[in-house]
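# Examining the three-dimensional arrangement
Okay, here's what each chain looks like letter by letter:
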Amino acid sequence: MKKQELNVKVKEIIIETLNLNMEVKDILDETPLFGTSYKPGLFDNSLCVLEVTSALVGEFDIELHASIIKVLKQLVLWLIAFIMLLKIKIKSKYV
């Protein structure tokens, strides 16, 4: 999967999982997943993290570990990059 395809897919998963009333183009790569009172994010609470994590693990066949939870507290771009790294690691494991 190419970077742009992964970018769109991750954003679609976030939108679908959290039932957000927005489109993929509305989520910038710099959008925080957890926000602050000054800059809101996409997640309201830790349950959102669990729901999105579960959806991502299922969709991309990646292992669940503490690192993904840390990344889910950052920016959308970091999450996409993390998934790309995991997919490369999995692919190289079987080559």
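These remarks concern the structure in this document. (Residues numbered from 1 in each chain as written. Predicted model: local features only at pLDDT ≥ 70, side-chain atom pairs only at ≥ 80, totals over all residues. Heavy atoms only, no water.)

## What to know about the packing of aromatic side chains
Tallied over the full model, the rule gives 1 aromatic pair. Each ring, one from Phe 34 and one from Phe 43, has its centre 5.6 Å from the other, and the planes form 90°; the classification is edge-to-face. The class for Phe 34 is partly exposed, based on a relative accessible area of 27%. Note on Phe 43: relative accessible area 4%, which makes it buried. (Phe/Tyr/Trp six-rings, centres within 6.5 Å; stacked < 30°, edge-to-face > 60°. Buried < 20%, exposed > 50% of the residue type's maximum accessible area, 1.4 Å probe, protein only.)

## Considerations on the nonpolar core
Counting 24 residues, the largest nonpolar core has Val 10, Phe 43, Leu 56 and Leu 79 as its most contacted members. At the level of secondary structure, the elements contributing two or more residues to this core comprise α1 (3-18), α2 (46-60) and α4 (76-93). In this structure Leu 79 touches Val 10, Ile 14, Leu 33, Leu 56, Val 71 and Leu 72, once residues within four positions along its chain are discounted. (Core = buried A, V, L, I, M, F, W, Y, C linked by side-chain atoms within 4.5 Å. Helix = DSSP H or I, 4+ residues; strand = E, 2+ residues; numbered from the N terminus. Contact = heavy atoms within 4.5 Å.)

## Some points on the packing of α1 against α2
Interhelical geometry of α1 versus α2 gives an angle of 135° and a closest axis separation of 10 Å. What the angle tells us is that α1 and α2 run oblique. With respect to the hand of their crossing, α1 and α2 are arranged in right-handed fashion. In contact with Leu 6, Lys 9, Val 10, Ile 13, Ile 14, Thr 17 and Leu 18 of α1, α2 contributes Cys 48, Glu 51, Val 52, Ala 55, Leu 56, Glu 59 and Phe 60. Classifying every residue of the contact of α1 with α2 gives 10 nonpolar, 1 polar and 3 charged. (Axes fitted to C-alpha atoms, helices over the stretch in contact; angles between N-to-C directions. Parallel < 35°, antiparallel > 145°, perpendicular 65-115°, else oblique. Left-handed = near helix turned anticlockwise from the far one by under 90°. Nonpolar A, V, L, I, M, F, W, Y, C, P; charged D, E, K, R; others polar.)

## Quick notes on α1
Its 16 residues give α1 an end-to-end C-alpha distance of 23 Å, which sits within 8% of 22 Å, the value for a rise of 1.5 Å per residue. When α1 is considered as a whole, its buried residues turn out to be Leu 6, Asn 7, Val 10, Lys 11, Ile 13, Ile 14, Ile 15 and Leu 18. Asn 19, located one to two residues past α1, shows a positive phi value of around 50°. (Expected span 1.5 Å × (residues − 1).)

## A word on the side chain of Asn 7
Structurally, Asn 7 can be placed in helix α1. At a separation of 3.0 Å, a polar atom in the side chain of Asn 7 contacts the side chain of Lys 11. Setting aside residues up to four positions removed in sequence, Asn 7 forms contacts with Asp 29 and Ile 80. (Polar contact = N/O pair within 3.5 Å; in protein donor to acceptor, adjacent residues only side chain to side chain.)

## Side note on the environment of Leu 56
The topology assignment puts Leu 56 in helix α2. Assessed through its relative accessible area of 0%, Leu 56 is described here as buried. Each C-alpha atom, one on Leu 56 and one on Ile 13, is 7.3 Å from the other, the two residues being 43 residues apart in sequence. In contact with Leu 56, not counting residues within four places along its chain, are Val 10, Ile 13, Asp 61, Ile 62, Leu 72, Leu 79 and Ile 83.

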